[in-house]
Number of protein chains: 2
Amino acid sequence: MPEFQHDGKVYYNPIEFALSHIGGTWKMPILWRLRDKTLRYGELKKDIPHITHKMLTTQLKDLEASGLIHRQVYAAVPPKVEYSITEKGKEALPVVETLIRYGKKLMKEYGIEHP
Amino acid sequence: MPEFQHDGKVYYNPIEFALSHIGGTWKMPILWRLRDKTLRYGELKKDIPHITHKMLTTQLKDLEASGLIHRQVYAAVPPKVEYSITEKGKEALPVVETLIRYGKKLMKEYGIEHP
DNA sequence: CTGAATCCTGTTAGATACTG
DNA sequence: CAGTATCTAACAGGATTCAG
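Fair warning: this is a prediction, and the values are worked out from it, not measured in the lab. Along each chain, the written sequence defines residue order, and numbers are assigned to residues from 1. Written order decides the labels, with chains lettered from A and ligands numbered from 1. Local features in a predicted model are, by the rule used here, given only for residues with pLDDT of at least 70; side-chain atom pairs are given and counted only at 80 or more, and totals for whole chains, interfaces and linings are based on all residues. Side-chain descriptors were evaluated using all non-hydrogen atoms of the structure, hydrogens and water having been removed beforehand.

Here the focus is the UniProt feature "domain: HTH hxlR-type" (unreviewed entry) in chain A. UniProt positions are given in the numbering used here, feature names are shortened, and annotations may be inferred rather than shown by experiment. Per the UniProt entry, the sites bearing "domain: HTH hxlR-type" (unreviewed entry) are residues 13-111 of chain A in this numbering. Working definition: helices are DSSP H or I runs of at least four residues, strands are E runs of at least two. Numbering for both runs from the N terminus. Along residues 13-111 of chain A the backbone is 58% helical and 14% strand, and the end-to-end C-alpha distance reaches 34 Å.

Attention shifts here to the protein's contact with DNA strand C. To be near a molecule or strand, a residue needs just one of its heavy atoms within 4 Å of it. Near DNA strand C, the surroundings consist of 14 residues, among which G42, H53 and R71 of chain A together with K54 and M55 of chain B are the closest. For DNA strand C, the fraction of atoms within 4 Å of the protein that belong to sugar or phosphate moieties is 52%. Counted as a polar contact is a pair of N or O atoms within 3.5 Å, where, for protein atoms, one must be capable of donating a hydrogen and the other of accepting one, and residues adjacent in sequence contribute only when both atoms are in side chains. Backbone polar atom of G42 of chain A to a phosphate oxygen of DNA strand C: 2.8 Å apart, as the coordinates give it. Among the secondary structure elements, those contributing two or more residues to the surface near DNA strand C are α3 (41-47), α4 (53-65) and β5 (80-85) of chain A together with α4 (53-65) of chain B.

Below, the discussion takes up the packing of helix α6 (residues 93-109) of chain A against helix α1 (residues 14-22) of chain B. Viewed as axis vectors pointing N to C, α6 of chain A and α1 of chain B meet at an angle of 85°, and their least axial separation amounts to 8 Å. With respect to each other, α6 of chain A and α1 of chain B are oriented roughly perpendicular. Only P14, I15, F17, A18, L19, H21 and I22 of chain B of α1 of chain B make contact with α6 of chain A, whose side of the interface consists of V96, L99, I100, Y102, G103, K104, L106 and M107 of chain A. Only Asp, Glu, Lys and Arg are considered charged in this grouping, and only Ala, Val, Leu, Ile, Met, Phe, Trp, Tyr, Cys and Pro are considered nonpolar; every other residue, Gly among them, is considered polar. For the contact of α6 of chain A with α1 of chain B, the per-class residue count stands at 12 nonpolar, 2 polar and 1 charged. Axis geometry follows a simple rule: fit a line to the C-alpha atoms, using only the stretch in contact for helices, then measure angles between N-to-C directions, giving values from 0 to 180 degrees. Should an angle fall under 35 degrees it is taken as roughly parallel, and over 145 as roughly antiparallel, whereas 65 to 115 is taken as roughly perpendicular and any remaining angle as oblique. Two residues qualify as a contact provided that any one of their heavy atoms is within 4.5 Å of a heavy atom in the partner residue.

Once that is clear, we can look at the relation of the copies chain B and chain A. Least squares is used to superpose the copies, and the fit set is the C-alpha atoms of residues whose pLDDT is at least 70 in both copies. Between chain B and chain A, which share one sequence, the superposing operator has a rotation angle of 180° and an axial displacement of 0.0 Å; the RMSD is 0.0 Å. Seen this way, the second copy is the image of the first under a two-fold rotation axis. Counting the interface residues of chain B, we find that 100% of their copies in chain A are interface residues as well, pointing to one common contact surface.

A few words now on the pattern of salt bridges. Residues and elements named next belong to chain A. Just to be clear on terms, a salt bridge is a Lys or Arg side-chain nitrogen sitting within 4 Å of an Asp or Glu carboxyl oxygen. For the coordinates displayed, the defined rule picks out 12 salt bridges over all chains. Between E97 and R101 there is a salt bridge, and its shortest N-O distance comes to 3.8 Å. Of this pair, E97 and R101 both sit in helix α6, 4 residues apart, roughly one helical turn.

This brings us to unusual backbone geometry. Residue and element names in this part refer to chain A. Cis peptide bonds are those with omega within 30 degrees of zero, and the linkage from V77 to P78 qualifies with 0°. Structurally, the position occupied by P78 is in the loop between β4 (69-74) and β5. Phi is positive for D7, which is not a glycine, with a value near 55°. By secondary structure assignment, the location of D7 is in the loop between β1 (4-6) and β2 (9-11).

Turning our eyes to something else, we now look at the sheet that holds strand β3 (residues 39-40) of chain B. Strands belonging to one sheet form pairs held by backbone hydrogen bonds; the direction of such a pair is parallel or antiparallel. Residue and element names in this part refer to chain B. Reading across from one edge, β3-β5-β4 is the order of the 3 strands in this open sheet, with antiparallel pairing throughout. Each edge of the open sheet is held by one strand with a lone partner, namely β3 and β4 (69-74). Bridge count for β4 against strand β5 (residues 80-85) is 6 bridges, and the pairing is antiparallel. Considered in β5, the bridge of R71 is made with Y83. Only when DSSP finds a minimum of two bridges between them are two strands counted as paired.

As structure tokens, then:
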């Protein structure tokens, strides 16, 4: 499996490449919440209680930069910003779904209650 | 989504829990290579060219600790150690498969040749 | 309300050398 | 052949402060 480059970074396999887009602790939880609805920044923040302000803003920025979500700004006071998933972002949903199912299965095996 | 604990660490959702088992750069590539055959340490090392010695040993250790792979030591000189996937490890394969498919799709969209 | 900038910390991962 | 130990660089992530 030869290496390849994208955006000045070297990747060694499709797994690594995919995880560079949707990996990390927060990107998939965010995508999952946007799967069927548009949410404001504050709604996302409230829905993902343990995420910090910084993590949410940086992850949203990353997801927008890679085209997985869309950022809509409304010129108003106070500011209003809505986030929605793009067609490209929807392509990642099967991965998220599979991973959630696996995570729940693991939790069940360990006797952890499903949230 | 309430938090929960496992092994002294706090998790906030099934995604995070799943990724603690099979996340990171190397665990899924390793599991994928063991999906249908037993491999020696050196064979894995050769099959995943860019992984460092340290990363391979630590990741194998992690995967064994979480019961996803089995480590078989043969008392011989020179040493011979074989790794194989467990039934529990096989439960993670759908995730790996979905992620590989998504990664390849992404690569295609970016005009990157499939390895 | 949303976001940017700064500082600080713990973890991850690479290079290298050593062991049975 | 397989694994361990140490040192260090890079990065992820948290807390805090300031801004439009």
